[in-house]
Amino acid sequence: MTANLKLIADCGSTKIDWALVDPAGSIVGRMSTGGINAVMLTEEEIASRLADELMPQLAGSASLVGSVYFYGAGCLSDEVCGSVSRAIARNLPGASAIEVNTDLLAAARALCGRRPGIACILGTGSNSCYYDGRQICDNVSPLGYILGDEGSGAVLGRLLIGDVLKGQLPADLCQKFLRHYDLDRLSIIRRVYREPQANRFLASVTPFLLENIDHPAVHDLVVRSFTDFFRRNVLSYDAARDLPVNFVGSIAWYYRDVLAEAAARSGCSVGLILRSPMEGLVRFHSE
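Residues numbered from 1 in each chain as written. Predicted model: local features only at pLDDT ≥ 70, side-chain atom pairs only at ≥ 80, totals over all residues. Heavy atoms only, no water.

Draft legend 1. Here's a closer look at the nonpolar core. Of all hydrophobic cores here, the largest spans 42 residues; its most connected members are Phe177, Val222, Phe226, Phe230, Val234 and Phe247. With seven residues, helix H10 (residues 216-232) is the largest single contributor of residues to this core. Those residues in contact with Val222, other than ones at most four positions away along the chain, are Leu156, Leu209, Ile213, Tyr255 and Val258. Membership of the second largest hydrophobic core comes to 31 residues, among which are Ala9, Cys11, Ala47 and Leu92. (Core = buried A, V, L, I, M, F, W, Y, C linked by side-chain atoms within 4.5 Å. Buried < 20%, exposed > 50% of the residue type's maximum accessible area, 1.4 Å probe, protein only. Helix = DSSP H or I, 4+ residues; strand = E, 2+ residues; numbered from the N terminus. Contact = heavy atoms within 4.5 Å.)

Draft legend 2. The arrangement of a nonpolar patch on the surface in detail. On the surface, Leu143, Ile146 and Leu147 cluster together into a nonpolar patch covering about 350 Å² of accessible area. The residue Leu143 is located in the loop between strand S8 (136-138) and helix H4 (144-147) in this model. (Patch = residues over 30% accessible without salt bridge, like charges linked within 9 Å, V, L, I, M, F, W, Y side chains within 5 Å. Areas by Shrake-Rupley, 256 points an atom, 1.4 Å probe, with all protein chains shown as cover. Salt bridge = Lys/Arg side-chain N within 4 Å of Asp/Glu carboxyl O.)

Draft legend 3. A look at the sheet that holds strand S9 (residues 245-248). Taken together, the five strands give an open sheet; going across it, the order is S8-S7-S6-S9-S10, and neighbouring strands pair in mixed fashion. Sheet topology places S8 and strand S10 (270-274) at the edges, where each strand pairs with a single neighbour. Adjacent strand axes in the sheet meet at a mean angle of 35°, parallel and antiparallel pairs treated alike. Examined bridge by bridge, strand S7 (residues 126-131) and S8 share two bridges and lie antiparallel to one another. Residue Tyr130 lies in a different strand from S8, and its bridge partner there is Asp138. (Pairing = 2+ DSSP bridges. Axes fitted to C-alpha atoms, helices over the stretch in contact; angles between N-to-C directions.)

Draft legend 4. Local environment of the packing of helix H5 (residues 153-165) against H10. Between H5 and H10, whose axes approach to 10 Å, the crossing angle comes to 140°. With respect to H10, the element H5 is oriented oblique. Crossing hand, H5 versus H10: right-handed. Contact residues: H5 offers Val155, Leu156, Leu159, Leu160 and Asp163, while H10 offers Leu221, Val222, Arg224, Ser225 and Phe226. Within the contact of H5 with H10, the residues separate by chemical class into seven nonpolar, one polar and two charged. (Parallel < 35°, antiparallel > 145°, perpendicular 65-115°, else oblique. Left-handed = near helix turned anticlockwise from the far one by under 90°. Nonpolar A, V, L, I, M, F, W, Y, C, P; charged D, E, K, R; others polar.)

Draft legend 5. Main features of the sheet that holds strand S2 (residues 15-21). Taken in spatial order, the five strands make up an open sheet running S3-S2-S1-S4-S5, and their pairing is mixed. Either end of the sheet is taken by a strand with one partner, and the two such strands are strand S3 (27-34) and strand S5 (97-102). Strand-to-strand twist across the sheet, computed as the mean angle between neighbouring axes with direction ignored, equals 15°. As judged from the six bridges shared by strand S1 (residues 5-11) and S2, these two strands associate in the antiparallel manner. The partner of Leu7 across the bridge, within S2, is Leu20. Helix H1 (residues 43-58) rests against S1, S2 and S3 of the sheet, and its axis sits at about 160° to S3. The strands that helix H13 (residues 278-286) touches are S1, S2, S3 and strand S4 (65-72); relative to S1, the one it contacts most, it runs at about 145°.

Here's what the structure looks like:
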């Protein structure tokens, strides 16, 4: 049988979503495996994880995979991309084409297709770029949740917790938050400064903001963070006010009304918002 199926991967550090796509552009299989940080793992380790987690799910379809398109947050250098590509090839030797790219290019392709546009990620972290329809032409460094990542889940959580601990929010709201998550000052300090992956902990409390978004203090906190995202990132692109600003990610998806408000305050307009890039990537690779 001809190896004509496409395998598309949206890789994060927590999980990888895979879609198996036929020549007509229909998804014929969906899989999920544990995430990988390509920067931290060797080629051997990546290949081993794929062998253990992906290959059993592909089963008889593995020999039909002719091309693989892998997108991951840590895939920033030729060295890392080469390592991931070789690890995939070791598991899928019948694939004649393997592409490894960044999650930002995944967002751009999913949101803009082959048209110019501004593509942004708003999830646990944040990122943005100007995309000319073929490649990313400009990118303001997100800098991570300590120095940047405005509008992200991690930064929203950091702002919320900081305001709670400093008493900047109404007392009833502060107590409601601490009770809801069974937290106190010392446990928060430990989770942020002494335990790993503080960004994930900070992002984990953002549902509280969504649940209380009608409270003026909460609404103002979220709007300010999104406005900072536009001011410090999006408005750096020359076409920011001429093109719609498109978003992918859970924060953008769930806070889309407040995001549109912040965009209007910044003189921008919001275009397409996707919770996940997979739908757009399947469309892009099927054209």
